[in-house]
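# Inside the fold
One letter stands for each residue in the lines below.
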Amino acid sequence: MIDFSGLRGAVLGGDEAAAAAAARKALDAGADPVALVSEGVSPAMDEVGRRFERGEAFIPELLIAARATKAVFEIIRPLLAKKGARPAGRVVMGTVQGDLHDIGKNLVVALLEGGGFEVTDLGVNVPPERFVQTAREKNAQVVGLSALLTTTMPAMKATIDALRAAGLRGKVKVMIGGAPVTQAFADEIGAEGYGETAAAAVGLARRLIA
Amino acid sequence: MAADKEALYQQRLRRYVTAMRKGKPDRVPIRPFVAEFTSKYAGYTSQEVTHDFEKAFLAARKCAADFDWDAVVGNMVYVWTGLTEALGLRYYAVPGIELPGTTAFQYKEPSEEQAFMKEDEYDALIEDPTGFLYNVWLPRVSREIAQIGRPSTYRNNVALVKTAMAMLRYFFAFGDQAARLRSECGTVSAIAGILKAPFDILADKLRGYVGLTMDMVRRPKKVLQACEALAPHLYHVAKTTADPTKTVPIGYWMHRGCVPFISPAQFKSHYWPTIKPIVQELWKDGHQVLFYAEGNWDHHLDSFAELPDCSIIYHVDMGDIFTVHRKLGHKFCLSGGIPNVLLSFKRPEDVRARVKKVIQEVGRDGGYILDAGAIMQDDTKVENLRAMTEAGREYGVYSSGVSASIPEPRPVPPPPGEGMAALPPPRKRPGVCIPWEEKVKEIPQILGDRAILQRIWEEQEALGNMFIWQVLLSF
């Protein structure tokens, strides 16, 4: 039985070097990389998310924890691939057409990766057809749309409409977020998920896939 | 006609200033910060108003005249891309170039690796902020400017001359615009001067938000020293660009310094201690500051309440204006609180209901100015903005009379040890690039009047200094 508490602590505290060292140590001791994620990284990231929701942690804490997680994944990704381990889910993320803001989107990407998801990040100013094409290519289960401006919120609807027109709405769920976006807007445009904060995205994606 | 407009202007100025000083005017002043909304209303594209500021000015005047607003900003499509293209600034996506002509300009934050200031450059910034901006920052943000030490270029020289002249042209045009708003529309120019917080500027234009967040983990002391080093320069810019008559406030554009972008502890250790002294010092001289609290700053209301009564006007975007009113309403005039989502996506009756509620609760005793939460872009529906304006007039009446005079500010000095005295003295004097004391050493002999040489040298120095800080703050 391998103790992952050191790894959890390092991720929680956002210490990249300590997290990488703890991951290497655990692997050297024979740890299963899948367990390293499910018992080490993911619980720590979930705890950061809970702290964020409770107002005890803030974006800086999320960001540094995500960095530490990334350092761990750089070590274990080849091992996971070799084992044929399945990701928690496949997500395509992007900031919608006309909008160039990416802080929130990047944070969601980092948190999803930390939660064990396979994420394809399309960047900013992404046209609806690119979401459609990538969702199809990657066999995505979730498409995540971000917008900061009220002027670009209609592009969220356009993207959902394009997914529908392409016949993908039965296969992919859509989650949306961004400062001006609300649950009411999500309902209105037919998005299955809405996250008020980046921290909500991981739980949301899990629920949408479940 | 002109006399009518002047009478209207005087009436509106009293109304606006009375509210800002926490008084109860004849009715709630209406001061919408309309950005690309003006282009839609006047029949222009985003590209036209962003690239041709005369069109932006005309569009703003058309809105002010047609809607009969009390105060507006001369041009809230604030980045003139004619200037930013002359300088080759990398950080804007320009309508008509990389964005469709119908889309508003946007700021492009570089990736962490491409940040305009590197993580090991804090000492250089702290030692001489103006020198750092000219020597290091400008060549990085510009496609035209050559790096220091590399051969200068034709493009470099032309870009500097063009941009400097363009800047003067643009700023002088604002003076004209204010005069025309007054004479043609009877409308007040709502603000004068610019202020940004040291921490916000570090996040936005120097290290980038993510880079600065990491610096707050790895080198928080350097970040604090950098904020302290920037503060006297930002104070200087605010003071020298402010309304000399101290009638309208200085715009303070708040950006990244709030929870959850930073933690409450970081706000208390870095953000607030390096902006509060500037505000205190400006108020000592009678300059009010408009806190344009973009996003949601409700977490920090207790800190803002430390400021002297009437020293600021607090503008609410996505914060809860009713909470803000409970916490700050006894001290400061408030503005905003009408959500942009409402103005863009809902119906006129929804807007009317919101305006009624805000005026009845927040504007009850005066000290409230009607406006949307954020600047209004071209998604704001005309009928909704009309509904906001009309509801403001209908529900915002306090009395039939008009205040007789413009209330004077009643400034107070900061307590001992506060204000700019709370910060380390600047290592290099703000407002100057090459001080006269240095220059004079190069002159072998002065045969005539030394004083006039010094005065005129320093006046041009001030322009050279203003140029780089305005590129940083306003463009």
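Residues numbered from 1 in each chain as written. Chains lettered and ligands numbered in written order. Predicted model: local features only at pLDDT ≥ 70, side-chain atom pairs only at ≥ 80, totals over all residues. Heavy atoms only, no water.

Before going further, it helps to examine the side chain of Arg-12 of chain B. For Arg-12 of chain B, the position within the fold is in helix α1 (residues 2–20). Exposure remark for Arg-12 of chain B: the relative accessible area of 3% places this residue in the buried category. (Helix = DSSP H or I, 4+ residues; strand = E, 2+ residues; numbered from the N terminus. Buried < 20%, exposed > 50% of the residue type's maximum accessible area, 1.4 Å probe, protein only.)

This brings us to the packing of aromatic side chains. All names here are of chain B. The tally for this structure, following the rule as stated, stands at 37 aromatic pairs over all chains. Both rings, one in Phe-171 and one in Phe-475, keep their centres 6.1 Å apart while their planes meet at 25°; by these two values the pair is stacked. Here Phe-171, found in helix α8 (residues 154–185), pairs with Phe-475, found in the segment after α19 (450–474); they are 304 residues apart in sequence, far enough to count as distant. Phe-171 gets classed as partly exposed once you look at its relative accessible area, which sits at 26%. The class of Phe-475 is buried, set by a relative accessible area of 0%. Grouped by ring-pair contacts, the aromatic residues Phe-199, Tyr-252, Phe-267, Tyr-271, Trp-272, Phe-291, Trp-297, Phe-304 and Tyr-314 constitute a single cluster. Over the ring of Phe-322 we find Lys-357; its NZ or CZ atom is 4.7 Å from the centre of that ring. (Phe/Tyr/Trp six-rings, centres within 6.5 Å; stacked < 30°, edge-to-face > 60°. Lys NZ or Arg CZ within 6 Å of the ring centre and 35° of its normal.)

In helix packing, the relevant descriptors are the interaxial angle and the interaxial distance, both defined with respect to the helix axes. Residues and elements named next belong to chain B. Running from N to C, helix α11 (residues 220–241) and helix α12 (residues 264–284) cross one another at 20°; their axes reach a closest spacing of 9 Å. Considered as vectors, α11 and α12 are oriented roughly parallel to each other. You can see that α11 and α12 cross each other, and the crossing is right-handed. Mapping the contact onto sequence places Pro-220, Val-223, Leu-224, Cys-227, Glu-228, Ala-231, Leu-234, Tyr-235, Ala-238 and Lys-239 in α11 and Ser-269, His-270, Thr-274, Ile-278, Glu-281 and Leu-282 in α12. Here the residues of the contact of α11 with α12 are counted per class, giving 10 nonpolar, three polar and three charged. (Axes fitted to C-alpha atoms, helices over the stretch in contact; angles between N-to-C directions. Parallel < 35°, antiparallel > 145°, perpendicular 65-115°, else oblique. Left-handed = near helix turned anticlockwise from the far one by under 90°. Contact = heavy atoms within 4.5 Å. Nonpolar A, V, L, I, M, F, W, Y, C, P; charged D, E, K, R; others polar.)

Turning to the interface of chain B and chain A, a few remarks are in order. Contact with chain B, which involves 30 residues of that partner, is made by 22 residues of chain A. Buried area between chain B and chain A, summed over both chains or domains, comes out near 2,100 Å², and the portion from carbon and sulfur atoms is 70%. Of all residues in chain B, Gln-106, Pro-260 and Phe-345 of chain B bury the most surface against chain A, accounting for 24% of the area lost on that side. Across the chain B-chain A interface, the total number found is two salt bridges. With a shortest N-O distance of 2.4 Å, Arg-67 of chain A and Glu-112 of chain B are connected by a salt bridge. Taken together, the links from chain B to chain A amount to six residue pairs in polar contact (both at pLDDT 80 or more). At the level of secondary structure, the elements contributing two or more residues to the side of chain B that touches chain A comprise α10 (209–218), α12 and α15 (340–345) of chain B. When residues in the side of chain B that touches chain A are grouped by element, the largest group, six residues, is from α10 of chain B. Looking at the side of chain B that touches chain A residue by residue, the class counts come to 14 nonpolar, eight polar and eight charged. (Buried area = accessible area lost by both parts, 1.4 Å probe. Salt bridge = Lys/Arg side-chain N within 4 Å of Asp/Glu carboxyl O. Polar contact = N/O pair within 3.5 Å; in protein donor to acceptor, adjacent residues only side chain to side chain.)

So far we have only geometry, and geometry alone does not tell us how the molecule works.
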